[in-house]
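Residue-level listing of the chains:
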Number of protein chains: 4
Amino acid sequence: MNLLQQYCETRRVTEGLCRPLEIEDYGLQCMDDVSPPKWHLAHTTWFFETFVLRPELPAYRIFHSRFHELFNSYYLTAGAPLSRSRRGRLSRPTVAEIYAYRRHVDEAMRTLLGDDPQAVSPQAAGVVELGIHHEQQHQELLLMDIKYNFWCNPLRPTYLEPRSASADHSVTVSAPGWVGFASGIREIGDRGERFAFDNEKPRHLQHLESYSLADRPVTCGEFLEFIEAGGYGRPELWLSDGWDAVSRLGWNAPLYWELEGGEWRQYTLREGMRRMDEAEPVCHISYFEADAFARWSGKRLPTEGEWETAANSVVKEEGDVMVGANFLESGELHPRSLNRASGGAASRPGLQKLFGDVWEWTQSAYSAYPGYSPLQGTLGEYNGKFMNNNLVLRGGACVTPGSHLRVSYRNFYRPDSRWHFSGVRLCRNGKNE
Amino acid sequence: MNLLQQYCETRRVTEGLCRPLEIEDYGLQCMDDVSPPKWHLAHTTWFFETFVLRPELPAYRIFHSRFHELFNSYYLTAGAPLSRSRRGRLSRPTVAEIYAYRRHVDEAMRTLLGDDPQAVSPQAAGVVELGIHHEQQHQELLLMDIKYNFWCNPLRPTYLEPRSASADHSVTVSAPGWVGFASGIREIGDRGERFAFDNEKPRHLQHLESYSLADRPVTCGEFLEFIEAGGYGRPELWLSDGWDAVSRLGWNAPLYWELEGGEWRQYTLREGMRRMDEAEPVCHISYFEADAFARWSGKRLPTEGEWETAANSVVKEEGDVMVGANFLESGELHPRSLNRASGGAASRPGLQKLFGDVWEWTQSAYSAYPGYSPLQGTLGEYNGKFMNNNLVLRGGACVTPGSHLRVSYRNFYRPDSRWHFSGVRLCRNGKNE
Amino acid sequence: MNLLQQYCETRRVTEGLCRPLEIEDYGLQCMDDVSPPKWHLAHTTWFFETFVLRPELPAYRIFHSRFHELFNSYYLTAGAPLSRSRRGRLSRPTVAEIYAYRRHVDEAMRTLLGDDPQAVSPQAAGVVELGIHHEQQHQELLLMDIKYNFWCNPLRPTYLEPRSASADHSVTVSAPGWVGFASGIREIGDRGERFAFDNEKPRHLQHLESYSLADRPVTCGEFLEFIEAGGYGRPELWLSDGWDAVSRLGWNAPLYWELEGGEWRQYTLREGMRRMDEAEPVCHISYFEADAFARWSGKRLPTEGEWETAANSVVKEEGDVMVGANFLESGELHPRSLNRASGGAASRPGLQKLFGDVWEWTQSAYSAYPGYSPLQGTLGEYNGKFMNNNLVLRGGACVTPGSHLRVSYRNFYRPDSRWHFSGVRLCRNGKNE
Amino acid sequence: MNLLQQYCETRRVTEGLCRPLEIEDYGLQCMDDVSPPKWHLAHTTWFFETFVLRPELPAYRIFHSRFHELFNSYYLTAGAPLSRSRRGRLSRPTVAEIYAYRRHVDEAMRTLLGDDPQAVSPQAAGVVELGIHHEQQHQELLLMDIKYNFWCNPLRPTYLEPRSASADHSVTVSAPGWVGFASGIREIGDRGERFAFDNEKPRHLQHLESYSLADRPVTCGEFLEFIEAGGYGRPELWLSDGWDAVSRLGWNAPLYWELEGGEWRQYTLREGMRRMDEAEPVCHISYFEADAFARWSGKRLPTEGEWETAANSVVKEEGDVMVGANFLESGELHPRSLNRASGGAASRPGLQKLFGDVWEWTQSAYSAYPGYSPLQGTLGEYNGKFMNNNLVLRGGACVTPGSHLRVSYRNFYRPDSRWHFSGVRLCRNGKNE
């Protein structure tokens, strides 16, 4: 696909994700971390307008003089944006006007990119590519946010009709195996094969001690054992801030889990509230919960270097990450049970579900790689300014576009946040399998 | 009008107020005190369903089993309502479903009330009448809330097209005159001529010292003098809590006023932001501001007994309150300038604008009249449970249905709240005019 | 006693109240409403320095140039005071320095007042008298604050050694009788016999309907019945804000009550934690609790006019209020059980314990009497600026100096505050006894 | 020194730090992060009582049954401690009682350790050593907390009398030089020469790219340039959370700096408020400020591996760190100006002031070293549970006991905290000097 085709395809997918929504759903913001769907549609458009069309297309006519202020997210050097917590206050512009804004920008982008691939400078093409990946990030956010918003409604509406038969709850999952890795100097970071964010660069060396990684993520059934062993009530299992969060927020299970008549149920995008499936990877847990679970298990979380080294061992070409994996493209929108057959590199016996299904928390603080330099200008705010109090997650989830993922991809969240599709894979010292 | 006609007319007016809204506007809740328009439409309907149809119409079929929980406001004895601050989280039921709910209840009400006026017990008729007045209260709330929600949007949309020519800013208003009242025993409270809320009863005696009331409300121009005299910066003019509010909230003018290039502008429902008119009654001020202004003027606020005694002197029959007054029915949705001609009892030279235009703060805490008894059962929560930290306002405003108002009508708000259409009329001790 | 003697006596009493304290206790401030004992000692002294010595004694030398800022309470027109919540941050000046400050001011006061009673202007004498009553208010606050501070310490130290034998828990108290009062015009407010605060003035007329007042306050035993009947869990018994307070603060009993092994215990100044005595007047309840209890009892709280009219019926001269009553002077520092013999006007069979023991909540909002005018100048901030969201309490408590009390005395607190010694006496409509 | 001597010496130093305090100062807690001096005295004692005497000395008699609850800091597995923010509420036990507690425990420790060094198990000796280092940490905290508490008092008392002549403000400091380090595998972590905390272990390999470190910390004068260049007003210089902190807390200079009549002044322990000395290392800045300053300078903060590698290049034996350095032992209690002569390894021309004066922020998140395992049992809570949202600081400060410091020592604080003596040393990529 050329750049215009990629652009159009990405824009098409975003709008497809909004198709099941009622107009009323487009404006919802049920917590500060969440943005209304309408805002995602507009903000991703504003990105192309601001960073591509205004500098690159002289004939471009701004769609609306105030959208700059409304749909800027956090680029403070580009002007004072609307405070994040107020995004849900915008009943106007209407949904129809937002779609008109998208049409207007799409048309201009087609003008810019269409005629002659050579007409666009490499730098401009780079920003377009960045904008495409930016919009893919918002595709995932759209689904995360819709799930959270809908769950807040006591009626618990479903986003889409269920697709497949319900889980087979009779099967049990056997204990995880361990895949060992020797100590030594390893290379991590951007492989240079395709687009990568600034925070994945530069590729660099890291010394690792020997370690072993579980061959699959932790399941809901295993996490239930932690709950039933009183894990949420034992301070010695938790980081100090984690214990504060448990006490303050009253956590007693992952987000979206609810105990109803002695049975654990969970909220899903396709089936609303339904029985929890013990064979699924546990999902929607905070770093604190992942860390406490690991401590309770006598294990630990991997570092991102360990995770990436393991991933490098199974992925020959970047395209491998998608083979057989449960990404957004599968349309399932929920982690796939370990009982369901799957194939391909991502699920080879050695390291199942390394990609897709759930993001895996690492113990690595999100910080700059040695030699890191942020993008120039306003886009320099893209990644670097979040480098404190975030932990790295790896591997993508069932709501991540597979074409967006890479081995070196670094996602990051606060240790107490849970509305992303996050799970955990255990690690331990030493290579003895 | 018989009861059914009154019912239908009230329902029609409510929906008319929503006609200018986009679907996106129906779900907005920009502060906790505000409810989304959709919620007002549903809650007033829930009132009839819960307190009339369920007990009175055996064949009545509940529209939706969960609406009880979603659209109950604060009747705790009727079950745990959705927390007030979460009303804006309900994208579902959709606007169309809410209107269907209204149709469903309207039809049942027509069945109940229609055939034979005698078929309904006096007690049931009383609850229907209460429900009608309840819905009229929500008509005013709808406009208050829409105004606040729209003002929060940086685009400052207007609710309706402007109707009349802009104000004539060249005219000045002369100083207020004073109308004197002798000391003695006065009767205040429900006159018994028409429907009244429990909190207006029983009619009772009160001893008043002699006093004089200004013959018109304070104008924007007069309030501007207070601002320019540094009124917002002089603690000795304020109640202790008022000074806290000024400091904490950064007040420096009434709500909806903004200084732009040296000119004061204000947000209005029909014209959006427009130049402030000095001849208009000042509006959207808190009790604290009304009280500070009065102290700065060397005057005071009237008690509600004083206000009502004055009103009794001009209103022979309750119907008089509407004559010539600027209520919701006028469609102006903003206080009318003192320069504009007006007639009728409510604006007789002696006491102009006693009714309509702006609610007038009194210095009276909202509390029970001697011998007060609340309604029976769940409806007992209607008024009595708010009898602390609220102050009484009298006379109705330009967004109050005139047919809803009475001489004895007691409105009440927190001393720091400002989104209602509240103004101030001065009072002083002694009868010497 | 002449003015100097009164001054010296008041100062002596204040310091006597601090005698049982350790130096470490003088700086404690365990909630914002509470002030450290040291601060009370200094602030009452600052009052005389600021409002008497500086204007009246030309030779007076300021003790410390910064004390003005540290020990001003809330007289904003006298300069920016230290924020209330920071009073506990002042380890310096030390306790010894504060006592030196008192000595310094006492000496100057002796110079001013001593030689010749005529030497002081009537206005200055009035301010000294105000200062004496101000210091008496702080004597009560000292004990309230010490009790609260000590109770916050897990060790629960006692303030003084116990004095009397423990309560006789075997006796039961019979149901209250009712004393009826006819309707009519009554006079309330300052009788003009002795000093009174501005807020008790002017004496004025009030029309009352007939009513009956309980002949004694509600007991702990009766309040326990309310608790055991689930009173703290029934929203229909509470004002809306009261129910919020119950939910937010987790109230399930009066302040200082604790359930220990099935037995209710309460914290007292003289005995620390000890068994609750059912025959004592219930104490340390908020307005919300008093109001909910009254509603549960099918009764109501009296208005302050009703209370004062009843008090006028038993008090011929102001001095009567102290006869046989349990005020600070008794040194008991806790409400006296109804089982213990007592005599005098205040405990005549008709209306027991109207004065002393516990302050009695009225349903009257604290507001200006008709014709009220505050003191001139900075002292005008003394009373008037608290006239919103406070309710009036009457009659004084076991920590109030009896010489400070009057029939017309108006105490006031927020409806959710409980650290004062507040109880409740029931009232009902109609005179039938 | 044998263990008992070390114990006694440490206890003596702690009490010496409290000697200048008034009894009133011992109970102060002016923010949640701060503990009252009294509490430090008791808590360090509780540590020996709980972890040494109770398990090791059978005859030991607990001093007070409730002290366990009062003076436990955060060892949740040792029972529910008093909430941190309430430490300032304890007027009792008195200061005298706390000192008696110290005497009691000291005597028992003398019994335990005194007679025969062999009598104590190596494990017990390890815990005693831990307790000594724990108390040394609290020596630094004592001074940090006293400084903060005193600064909160508008009178700004000084802790000790000034010792030396005031700074010579006429000298200027020349630009820093750069010391280069080649890339390669380096060893960091506990050298095994003396006591070390669990978080410094195990010693392990790290791959470093080449880098250069400034030969001295940033000065107040340099930081002033940042201020004057508008650094606190330029969002692009700040981490996202840092910008939030600047906006929310109104930062415009380091903690303890105040602009007075156009001159910057700063609060110090020995001289109270005094003129800021541009030649001193800047102190009391947050991570966010250190990071923003580095970005503005076109440099970056070092990682802790880079810092330690540099330190390893100058420190042959651990004892070297103290030579000529400004630690607690110097008694200056303030960073020493760069203009003042100093000698020794720590201030060799290459890398001045690497130890002592100010803690130096690194860009490294505080996390576990590869192979880290926490202490066993309750002491496992000592370090590990704070491994999120803290950044590592290195090198010790003028209030750190020099005997407590090591090359591998890892201090850590939240990125927004400033009451520790923290400064910044710049780093840059590449070895070219």
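Residues numbered from 1 in each chain as written. Chains lettered and ligands numbered in written order. Predicted model: local features only at pLDDT ≥ 70, side-chain atom pairs only at ≥ 80, totals over all residues. Heavy atoms only, no water.

Okay, the pattern of salt bridges next. Taken as a whole, this structure holds 124 salt bridges over all chains when the rule is applied. The partner of E69(B) in a salt bridge is R66(B), and the shortest N-O contact between them spans 3.1 Å. You can call E69(B) partly exposed: its relative accessible area is 28%. Notably, a salt bridge pairs R216(C) with E222(C), separated by 2.7 Å at the nearest N-O pair. Using a relative accessible area of 5% as the deciding quantity, one classes R216(C) as buried. (Salt bridge = Lys/Arg side-chain N within 4 Å of Asp/Glu carboxyl O. Buried < 20%, exposed > 50% of the residue type's maximum accessible area, 1.4 Å probe, protein only.)

Let's shift gears to the relation of the copies chain B and chain A. Overlaying chain B on chain A yields an RMSD of 0.0 Å, the required transformation being a rotation through 180 degrees with an accompanying axial translation of 0.0 Å. The superposition operator between the copies reduces to a two-fold rotation axis. Of the C-alpha atoms belonging to chain B, the one lying closest to the rotation axis is found on E24(B), 2.9 Å away. A share of 100% of the interface residues of chain B reappears at the interface of chain A, consistent with the copies meeting face to face through the same patch. (Least-squares fit on C-alpha atoms with pLDDT ≥ 70 in both. Contact = heavy atoms within 4.5 Å.)

On to unusual backbone geometry, then. Cis geometry marks the peptide bond from K201(C) to P202(C); its omega dihedral reads -10 degrees. The linkage connecting R92(D) with the following residue, P93(D), adopts the cis geometry, with an omega of -5 degrees. Structurally, P93(D) can be placed in the loop between α3 (67-71) and α4 (95-114). One non-glycine residue, R156(B), lies in the positive phi region at around 50 degrees. Within the element layout of this structure, R156(B) appears in the loop between α5 (122-152) and β1 (178-181). On the basis of relative accessible area, R156(B) is assigned to the partly exposed category, the value being 23%. Unusually for a residue other than glycine, Y256(B) sits at a positive phi of about 80 degrees. Note that Y256(B) resides in the loop between α7 (240-249) and β5 (257-260). For Y256(B), a relative accessible area of 1% translates into the label buried. (Helix = DSSP H or I, 4+ residues; strand = E, 2+ residues; numbered from the N terminus.)

Turning our eyes to something else, we now look at the confidence of the model for chain A. The pLDDT averaged across chain A works out to 93; a share of 95% of its residues lies at or above 70. Low pLDDT, under 50, characterises residues 341-348 of chain A; the predicted model gives this stretch 22 contacts beyond four residues in sequence or across chains. (pLDDT = per-residue confidence, 0-100.)

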